Amino acid sequence: MKRKTTLLAGLFLLMLAAGTAAAQVKPLTDSLYEALAPTPPMGWNSWNKFGCNVSEELIKGVADAMVESGLKDAGYEYVVIDDCWQVSRDENGNIVCDPERFPSGMKALADYVHSKGLKFGLYSCAGSYTCQGRPGSKGHQFQDALQYARWGVDYLKYDWCSSDGQNARAAYQTMSEAIKAAGRPIVLSICEWGENEPWRWGEGIGHLWRVTPDIRAVYNGVFDWGGVGVLQCIDADADLYPYAGPGHWNDAEMLEVGNGEMTLDEQITHFSMWCMLAAPLMCGNDLRNMDRQTKEILTNKEVIAVNQDRLGRQAIRFMDMGEREIWAKPLADGEIAVCFMNRGETPWKLSYNWLDQTMYFARDVNFRKYEYTVRDLWKHKDICTSKDRLEATIAPHGVLMVRLRVR
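Fair warning: this is a prediction, and the values are worked out from it, not measured in the lab. Each chain carries its own residue numbering, running from 1 in the written order of its sequence. For this predicted model, a pLDDT threshold of at least 70 governs which residues receive local features, and a threshold of 80 or more governs which side-chain atom pairs are given and counted, while totals over whole chains, interfaces and linings are taken from all residues. To get the side-chain values, take all heavy atoms of the structure and skip hydrogens and water.

**Observations regarding empty space enclosed by the protein**
Buriedness for pockets is judged along seven lines, at least five of which must meet protein on both sides within 12 Å for an open set on the 1 Å grid over protein atoms alone, while cavities are sets there where a 1.4 Å probe fits but cannot get out, and lining residues have an atom within 4 Å of a point. Grid points are joined across faces, edges and corners, and a volume is the space filled by probe spheres set on the points. Per the stated rule, a full pass over the model turns up one cavity of 30 Å³ or more. Looking at the largest cavity, its volume works out to about 100 Å³. Lining the largest cavity, in full, are Asn45, Val80, Tyr155, Lys157, Ser189, Cys191, Arg210, Asp251, Glu253, Met254, Pro280 and Met282. By the convention adopted, Pro, Cys, Tyr, Trp, Phe, Met, Ile, Leu, Val and Ala count as nonpolar, Lys, Arg, Asp and Glu as charged, and the other residues, Gly among them, as polar. Its residues assigned to classes, the lining of the largest cavity shows six nonpolar, two polar and four charged.

**Regarding the sheet that holds strand β14 (residues 324-330)**
Strand pairing in a sheet relies on backbone hydrogen bonds, with the paired strands running either antiparallel or parallel. We treat two strands as partners when DSSP finds at least two bridges between them. Counting from the N terminus, the helices are the DSSP runs of H or I reaching at least four residues and the strands are the DSSP runs of E reaching at least two. Pairing within the open sheet is antiparallel, and its six strands lie in the order β13-β14-β15-β20-β17-β18. Every interior strand has two partners, whereas the edge strands, β13 (316-320) and β18 (381-385), have only one. Shown here is a sheet whose adjacent strand axes are inclined to one another by a mean of 25°, direction ignored. In the sheet, strand β15 (residues 336-342) pairs with strand β20 (residues 399-406) via six bridges, with the strands oriented antiparallel. Bridged to Val338 within β20 is Val402. A contact between two residues is defined here by any heavy atoms of the two lying within 4.5 Å. Axis definition: a line fitted to C-alpha atoms, limited for helices to the stretch in contact. Angles are taken between N-to-C directions and run from 0 to 180 degrees. Lying over the sheet, helix α10 (residues 264-276) contacts β14, β15 and β20, oriented at roughly 145° with respect to β15.

**As for helix α9 (residues 230-237)**
Within the sequence span of α9, burial applies to Val230, Leu231, Cys233, Ile234 and Asp237. Mapping the buried residues of α9 onto a view down its axis gives an arc of 160°, with all of them on the same face. Each residue is assigned to one of three classes by its accessible area relative to the maximum for its type, calculated with a 1.4 Å probe on protein chains only: buried under 20%, partly exposed between the two thresholds, exposed over 50%. It is the directions from the helix axis to the C-beta atoms whose arc is reported.

**So, the nonpolar core**
By size, the foremost hydrophobic cluster in this structure holds 95 residues, and its most contacted members are Tyr76, Trp85, Phe271 and Trp274. Residue contributions to this core peak at eight residues, all from helix α8 (residues 168-182). With near-sequence residues (within four places) excluded, Tyr76 lies in contact with Met42, Gly43, Met66, Leu71, Leu118, Phe271, Leu281, Cys283, Leu298 and Ile304. Core analysis: the next-biggest nonpolar cluster, separate from the first, contains 21 residues, Ile336, Phe367, Tyr372 and Ile394 among them. By convention a nonpolar core is built from buried Ala, Val, Leu, Ile, Met, Phe, Trp, Tyr and Cys residues, the set being connected through side-chain atoms within 4.5 Å.

**Thoughts on the packing of α9 against α10**
Running from amino to carboxyl end, α9 crosses α10 at an angle of 15°, the nearest separation of the two axes being 11 Å. Taken together, the axis directions place α9 and α10 in an arrangement best described as roughly parallel. Both α9 and α10 take part in a crossing whose hand is left-handed. When α9 is examined against α10, the residues Val230, Cys233 and Ile234 are found in contact with a partner set consisting of His270, Met273 and Trp274. Oblique is the label for every angle not falling under 35 degrees (roughly parallel), over 145 degrees (roughly antiparallel), or within 65 to 115 degrees (roughly perpendicular). Crossings are assigned a handedness: left-handed for a near helix turned anticlockwise from the far helix by less than a right angle, right-handed for a clockwise turn.

**Some thoughts on α10**
Expected span, for any helix, means 1.5 Å times one less than how many residues it has. For α10, which comprises 13 residues, the first-to-last C-alpha distance of 18 Å matches the rise-based estimate of 18 Å (1.5 Å per residue) to within 8%. A large share of α10 lies buried, amounting to 11 of its 13 residues. Those residues of α10 lying buried are Glu266, Gln267, Ile268, Thr269, His270, Phe271, Ser272, Met273, Trp274, Cys275 and Met276.

**Some points on the state of the cysteines**
Cysteine sulfur atoms that pair up within 2.5 Å are treated as a disulfide. Scanning the entire structure with this criterion turns up two disulfides. Cys191 forms no disulfide, and the closest cysteine sulfur to it belongs to Cys131, at a distance of 7.2 Å. Taking relative accessible area as the criterion, Cys191 reaches 1% and is therefore assigned buried.

**Examining the sheet that holds strand β5 (residues 119-125)**
With parallel pairing, the eight strands of this open sheet are ordered in space as β11-β8-β7-β6-β5-β2-β1-β12. Unpaired on one side and paired on the other, β11 (249-251) and β12 (281-283) mark the two borders of the sheet. This sheet shows a mean twist of 25° between the axes of neighbouring strands, independent of strand direction. Bridge count between strand β6 (residues 155-159) and strand β7 (residues 187-190): four bridges; the pairing is parallel. Residue pairing across strands places Leu156 opposite Leu188, the latter belonging to β7.

**Points about the side chain of Glu253**
Within the secondary structure, Glu253 is located in the loop between β11 and α10. Polar contacts, as counted here, are pairs of nitrogen or oxygen atoms within 3.5 Å of one another; within protein the pair requires one atom able to donate a hydrogen and one able to accept it, and residues that are adjacent in sequence qualify only if both atoms are side-chain atoms. Polar contacts involving the side chain of Glu253 include one to the main-chain amide nitrogen of Ile215, which spans 2.9 Å. The residues contacting Glu253, other than those within four sequence positions of it, are Arg210, Thr212, Pro213, Asp214, Ile215, Cys233, Trp274 and Pro280.

**Structural notes on the packing of aromatic side chains**
Here a ring pair, both rings aromatic, is described through the centre-centre distance and the interplanar angle of the planes. What counts as a ring pair is set by centres within 6.5 Å for rings of Phe, Tyr and Trp (its six-membered ring), and what kind of pair is set by the plane angle: stacked under 30 degrees, edge-to-face over 60, tilted for all other angles. Under the defined criterion, the tally for this structure stands at 15 aromatic pairs. Between Phe340 and Trp348, the ring centres sit 6.2 Å apart and the planes meet at 70°, which makes this aromatic pair edge-to-face. As far as burial versus exposure is concerned, Phe340 and Trp348 are alike and both buried. Ring plane angle 90° and centroid distance 5.1 Å describe the contact between Trp354 and Phe367, whose orientation is recorded as edge-to-face. You can see Trp354 sitting in the loop between β16 (348-353) and β17 (372-376) and its partner Phe367 sitting in the loop between β16 and β17, a full 13 residues away along the chain.

**Some details on unusual backbone geometry**
Positive phi outside glycine occurs at Trp193, with the angle close to 65°. Locating Trp193 in the fold gives a position in the loop between β7 and β8 (208-210). Residue Asp333 is not a glycine yet carries a positive backbone phi of 65°. Mapped onto the elements, Asp333 comes out in the loop between β14 and β15. The class for Asp333 is exposed, based on a relative accessible area of 60%.

**Points about the environment of Leu156**
When you line up the elements, Leu156 lands in strand β6. Exposure remark for Leu156: the relative accessible area of 0% places this residue in the buried category. A C-alpha to C-alpha distance of 9.3 Å links Leu156 and Asp82, two positions 74 residues apart in sequence.

See below:
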């Protein structure tokens, strides 16, 4: 209580310095804050495709494309500017956006994004500097949170560069309290790359936490599927299912669908597994210039429904056969999503009998509890029942993703 009182007092002084009456800001309650992400957040982030090349024109174009492409209708809502939007602090210590790249300012840009029925996000860092050497938030957390609230920010990605020996939990707790005190509902994305096991302490502080290093579909000019790519992210998240749930999600990194040199099967596997893992779905491609296949992957509502299922469970890798894996994710109303993933370089001739064994796990996976209709979520058709043997050929680096619906 003493810590929270001190933090709120700090905000009060900042508001007085800015000439704003303290009574105009009503702090968020813990319960309201913690309820901001009942399902994994969905949206777009600028970094994977554009890096530091961000601008007002780009963000407006992406917001337009999110609506026009059907992504908004599919559930995507956040438009997030990553690093490099900020250039300095003014004489009062307020963060300043790049006036050449964002001539109308962040408030006007947020208003534009909101006018599209979308939400607006920004990037900052717990250290003195961001990962690209721009001003970080250390020592300015309450001041920055108040500024973000004034601008209309709905989502904050908070990085961990130049952390200067800080305690990670304490640093993220400070920004969390600053957001609550500023009074605007802002989702906090903890991005310290899993180095300090944020899944053990992040619930109630942030709404999602990175569990992996940065994903790279192409690294040093070479396509990378497993090294620091899709497979590494999956493996890093695989055993963390006990920590995921409504309001607190394991972040397996942003999506690379539509970037790099992944095959169609690899992109489908990437998206399928992020949905199975109940991971946030943050697109990282150029939404203004998507081909048909990319759009179809990102807007597959049957697959997205698995990710957004209200039960909020993360999938379990319950069969690991080396290059072949079977994942199961309990869903609401007794349904189950199952993903057969082929990590190998040769086709998988699958022949699976749902009734061979009873699958009891701590997270309620049991294929024999009901009789199910088995629906292929990429072909959008029912293919058998749970009384039938499932026969399929799964391409190298491909998946068969199905939903078991109670008959």
